[in-house]
Every structure is written in structure tokens, then in C-alpha cells.
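Spelled out from the first residue to the last, the chains are:
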Amino acid sequence: MRRETNNDRQQRLFVTGLLISAVVGALIGLLWPMWFPADSACETTIPDASFSVPTLAMGGTQLPGEEGAAMKICCLTFDDGPSKYTPQVLAALEKCDAKATFFVTAQDANQDYLSYLTDIEAAGHQIALHSASHSYSRIYSSTENFWLDIKALRATLANYIDVDAIHWLRFPGGSTNTVSHRYGGRQIMQQLKAQAEQKGYAWIDWNVCAEDATASHPNAAQILRNVQNDAKDQPICVVLMHDTNATHETVKALPDILEWFAAKGYRFFTVQQMAE
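Residues numbered from 1 in each chain as written. Predicted model: local features only at pLDDT ≥ 70, side-chain atom pairs only at ≥ 80, totals over all residues. Heavy atoms only, no water.

Draft legend 1. Region of interest: the overall build of the protein chain. Each helix and strand in the protein chain was counted, giving 10 helices and nine strands. Taking all 276 residues of the protein chain together, the buried fraction comes to 45%. For the protein chain, contacts bridging at least 24 residues in sequence account for 79% of all contacts bridging at least 6. As presented, the protein chain carries roughly 14,300 Å² of accessible surface, and 53% of it is formed by carbon and sulfur atoms. (Helix = DSSP H or I, 4+ residues; strand = E, 2+ residues; numbered from the N terminus. Buried < 20%, exposed > 50% of the residue type's maximum accessible area, 1.4 Å probe, protein only. Contact = heavy atoms within 4.5 Å. Areas by Shrake-Rupley, 256 points an atom, 1.4 Å probe, with all protein chains shown as cover.)

Printed below as a string of C-alpha cells:
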């Protein structure tokens, strides 16, 4: 039997290394979607400042009877609810006499809390559409599937509130998200925005993000700082927050967020009120 030379040993180790690398690479390829699923993309990137309200620019809005005074507007918006924390959110808003807009979903996590929709409505807040499933791969696979998802959401909400009175929606990920491209192509968001207007829906993004639904799980103090940093001196702030079973820190931060905006001279409106 021929003895293994140094060259043979080096070649064997090299081939073994290649095989190990290939196996590891394959395993990572299989496990990566499980570790970081595409549908878990967070709504944290601030979209462009395009609001689907033709009469509203991103600047001061004149109040009737207040000539020369530009109104500072804050629209607090909560995505993905209702949740077990919805009553606490409503209590904080009531304490400051602030109205907000809830972009709701009908995921499994929402099912036990859908009755809170009537409480949201009774308190004078706005309820708007977000998604039934919030599954990016499903809703953005085609425009048809997106509207089927909205239809399913409306059917669920109809058990609690008057869905015919709802004319606003927010696209999961925002109107400029790029996650949708991998499922429905690069033009799908443009198509959906055009179709939304044809169907009589107005849509809105956000320009202030609490980043309260990120993987870093920020505490209440950080959530407040995130809002303050984005808001700065903007005369109109549409604030994205979340109302889920995992965003309890948002509930803790909310009283301070309300106090900060009020101290800066902002007045709180729903999205619908802002557009009127």
C-alpha cells in the first residue's frame, strides 16, 4: 500500500473542506427562511412622504379661523391590532383626549380580541384596514390575492362594526415596500395603489416610526426616543406604532409620547379628520 504523502494529505483535506463548506451552505440555505422568514419583514423603514390625500401636503395646515397660524398635527396610528393591550392603549388615549387610527388585522393572534373593535369605535377612534393574514407572500403574490385578503378582513370586521363606513387602508410594509417585489413583481405596489383609488379607498403611510415591532425589542424609553428623533420639527406627524401581544413596551411609552407631542403644540387627529 502506498503511503500517503504530504501532497495527498493536503489534497484530501482540501476536498474535505470543500464538502463541509457545501453541506454547511446547503443547511444555511434551508434554515435561513425559518430563522428569518420573508413575511416577518418589519414595517420600520419610513416610506417616502407620499400621502394619498391630494389636498394635503406635508406642511402646515391652516385651521379655520386661525389665519397666520399653522396647525401642528399628530396622527397616532396603531397597526396589527386589536390585542390584549388594546384596552390600555384606549385608556391612555382617553386620558389625553387624543383620537387615533387603528389599522386592524384578523390574524390568529387577533381572534380573542376582535370584540375590542366596538370599544375602539365607541371611543371615537378611526378603524381602517390593514390585512386579514399579514402574510407578505400571500397578499403580494398577485393583486387579486391582495384584494381577496382585504375581502376576508372586511367579512371578519363586519361581525363587530360597520365596514361600509371604512374607506382607509394601509399596505403592510407601506406603499413603497420592496418585499412585495419578490412575490408579485416590481410593479405590484403601483398597481395596488391605482386599484385602491379605483375601488374608493384612500391609503396612507407614515413619516414617524416608533420601531416598536423590530427584532431588537426596544424598551419604552427607546421607543419614545425613536418617535422624538423622527418627529423633530415636522408640522405633520403620522406616527407608526403597533398594537400586538408583543408590544407591551409601546403601552408603557404611550403616555410619554402623548405628553411630548402635546407639549410641542401638536393636536391629535385621526387620519380621516386630518384629510377633511
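Now that the structure is up, let's keep going.
Draft legend 2. Highlighting the layout of surface pockets. What the second largest pocket holds in volume is close to 150 Å³. For the second largest pocket, the full set of lining residues is Glu 121, His 125, Gln 126, Ile 127, Ile 161, Asp 162, Ala 165, Ile 166, His 167, Trp 168 and Gln 272. Taken together, the residues that form the lining of the second largest pocket break down as five nonpolar, four polar and two charged. (1 Å grid on protein atoms, 1.4 Å probe; cavity = no way out; pocket = protein on both sides within 12 Å on 5 of 7 lines; lining within 4 Å. Points joined across faces, edges and corners; volume = space filled by probe spheres on them. Nonpolar A, V, L, I, M, F, W, Y, C, P; charged D, E, K, R; others polar.)

Draft legend 3. Molecular detail of the packing of aromatic side chains. Within this structure, the stated rule accounts for 10 aromatic pairs. For the ring pair Tyr 140 and Phe 146, a centre distance of 6.1 Å and an interplane angle of 10° mean the geometry is stacked. Each of the two residues, Tyr 140 as well as Phe 146, counts as buried. An aromatic cluster is defined as three or more aromatic residues linked by ring pairs; in this entry it consists of Tyr 136, Tyr 140, Phe 146, Trp 147, Phe 171, Tyr 201 and Trp 203. Directly above the ring of Trp 147 sits Lys 199, whose terminal nitrogen or CZ lies 5.1 Å from the centroid. (Phe/Tyr/Trp six-rings, centres within 6.5 Å; stacked < 30°, edge-to-face > 60°. Lys NZ or Arg CZ within 6 Å of the ring centre and 35° of its normal.)

Draft legend 4. Summary view of the packing of helix α5 (residues 143–157) against helix α7 (residues 188–198). Put simply, α5 and α7 touch, their axes get as near as 10 Å, and they point 50° apart. What the angle tells us is that α5 and α7 run oblique. Crossing of α5 against α7: the hand is right-handed. Residues Thr 143, Phe 146 and Trp 147 of α5 touch α7, and the partners they reach there are Ile 188, Gln 191, Leu 192, Gln 195 and Ala 196. (Axes fitted to C-alpha atoms, helices over the stretch in contact; angles between N-to-C directions. Parallel < 35°, antiparallel > 145°, perpendicular 65-115°, else oblique. Left-handed = near helix turned anticlockwise from the far one by under 90°.)

Draft legend 5. Local environment of the side chain of His 125. Topologically, His 125 is positioned in the loop between α3 (116–122) and β4 (126–131). Judged by its relative accessible area of 9%, His 125 is buried. Here Ala 100 takes part through its backbone nitrogen, which lies 3.0 Å from a polar atom of the side chain of His 125. In contact with His 125, other than residues within four places in its own chain, are Leu 90, Leu 93, Ala 98, Lys 99, Ala 100, Phe 102 and Ile 120. (Polar contact = N/O pair within 3.5 Å; in protein donor to acceptor, adjacent residues only side chain to side chain.)

Draft legend 6. Highlighting the pattern of salt bridges. Counted according to the given criterion, the structure contains three salt bridges. Here Asp 164 ties to Arg 154 by a salt bridge, and the two come within 3.4 Å at their closest N and O atoms. Of this pair, Asp 164 sits in the loop between α5 and β5 (168–169) while Arg 154 sits in helix α5, and the two are 10 residues apart along the sequence. Residue Lys 252 is joined to Glu 249 by a salt bridge in which the shortest nitrogen-to-oxygen separation is 3.2 Å. Here Lys 252 pairs with Glu 249, and both are found in helix α9 (residues 248–263), just three residues apart, close to one helical turn. You can call Lys 252 exposed: its relative accessible area is 53%. Using a relative accessible area of 17% as the deciding quantity, one classes Glu 249 as buried. (Salt bridge = Lys/Arg side-chain N within 4 Å of Asp/Glu carboxyl O.)

Draft legend 7. Geometry of the pairing of β4. With six of six residues buried, β4 is to be regarded as a mostly interior element. Here strand β3 (residues 100–105) runs beside β4; their pairing, made up of five bridges, is parallel. Bridge pairing in β4 links Phe 102 to Ile 127. For the crossover that starts at β3, traverses α3 and ends in the parallel β4, the hand is right-handed. (Pairing = 2+ DSSP bridges. Right-handed = clockwise from strand over helix to strand, strands pointing away.)

Draft legend 8. View of helix α8 (residues 220–231). Given a rise of 1.5 Å per residue, 12 residues ought to cover 16 Å, and the 17 Å separating the end C-alpha atoms of α8 matches this to within 8%. Of all the positions in α8, only Ala 220, Ile 223, Leu 224, Asn 226, Val 227 and Ala 231 are classed as buried. Here the buried residues of α8 occupy an arc of 155° about the axis, which is enough to place them on one side. Tucked inside the fold, the buried residues of α8 contact β7 (208–209), β8 (236–242), α9 and β9 (266–268). For α8, the capping residue at the N-terminal end is Asn 219, with a side-chain oxygen 3.2 Å from the backbone nitrogen of Ala 221. (Expected span 1.5 Å × (residues − 1). Arc of directions from axis to C-beta.)

Draft legend 9. Inspection of the state of the cysteines at higher detail. Enumeration over the complete set of coordinates arrives at zero disulfides. Cysteine Cys 75 is unpaired, with the sulfur of Cys 74 as its nearest cysteine sulfur at 6.9 Å. (Disulfide = S-S within 2.5 Å.)

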